[in-house]
Amino acid sequence: APTPTPTPTPTPVPELEFESVELVMQNPELPNGCEVTSLSMVLTAAGYPVDKVELYEEFLPAEEFTYSGDYRYGPSPEEAYVGDAASATGGWYCFEQPILTAGNAWIEYCGGGAEMVQLTGLSQDDLDELLADHTPVVAWVTREYGEPYFAWDFSWVVPTGEEYVPYNNLHCVAVAGIYGDEYLVADPLEGWNMVDRDTFWSSFDAMGRRAVTVVATAE
């Protein structure tokens, strides 16, 4: 009889042991810095403690507006934080890539051992499983979990030459756990909240299911 081929043993990827998320408020230093503040909470819980202001000033790709004639020019939020998060009126937002860049740079600065991962597009079951496994995530939602709406009176030209009209109620939070039909949310503007699972998902889904977290890297 042929010798059965042994099943290869998968190389285990070490699990990160997340500590409990500690709430960090974005104000007063970063009135428009919800993304980087939420990132600081998840990095700290992952064993890479960091100050939100240092993370913003030293590690997050950010770019201010420039003006020429009647035109305002700025980055795509996919590429950099738009404006100044330390300004109450001059800061907008960024999406996942700049947050991944900042998080990875900080982890490397601390000696490595983990990496940021993009979770965008995940299902609600995937999110629930991560939270049940005590893995917090940075998630893009809307303020008060309402319908997304746009700042039609304020736009800018991105490097591709297209006009970009920004969201007017974008928000970013650290989702810290799941308890029954509610998520435990560390909101850098509002503080700790228990948010109805479906209410949260409706807002999160409308914003493109954008999310990131930290995972251990195989040695």
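For the structure, see preceding data.
The structure reproduced in this document is the subject of the present report. (Residues numbered from 1 in each chain as written. Predicted model: local features only at pLDDT ≥ 70, side-chain atom pairs only at ≥ 80, totals over all residues. Heavy atoms only, no water.)

Points about the packing of helix α2 (residues 52-59) against helix α3 (residues 96-109)
Axis separation between α2 and α3 bottoms out at 10 Å; the angle between their running directions is 105°. When the interaxial angle is binned, α2 and α3 end up roughly perpendicular. Contacts between α2 and α3 pair Glu 54, Leu 55 and Phe 59 from the former with Ala 102, Ala 105, Trp 106 and Tyr 109 from the latter. Its residues assigned to classes, the contact of α2 with α3 shows six nonpolar, no polar and one charged. (Axes fitted to C-alpha atoms, helices over the stretch in contact; angles between N-to-C directions. Helix = DSSP H or I, 4+ residues; strand = E, 2+ residues; numbered from the N terminus. Parallel < 35°, antiparallel > 145°, perpendicular 65-115°, else oblique. Contact = heavy atoms within 4.5 Å. Nonpolar A, V, L, I, M, F, W, Y, C, P; charged D, E, K, R; others polar.)

Side note on unusual backbone geometry
In the segment running from Asn 27 into Pro 28, the intervening peptide bond is cis, with an omega of 5°. Structurally, Pro 28 is set in the segment before α1 (34-45). The backbone phi angle of Tyr 145 is positive, close to 60°, even though this residue is not glycine. For Tyr 145, the location among the structural elements is in the loop between β6 (137-142) and β7 (156-157). The exposure class of Tyr 145 is buried, given its relative accessible area of 16%. Even without glycine at this site, Arg 209 takes up a positive phi of about 50°. If you trace the backbone, Arg 209 turns up in the loop between α5 (197-206) and β12 (211-216). Judged by relative accessible area, Arg 209 falls into the partly exposed class, the value being 25%. (Buried < 20%, exposed > 50% of the residue type's maximum accessible area, 1.4 Å probe, protein only.)

None of this, on its own, says anything about what the molecule does.
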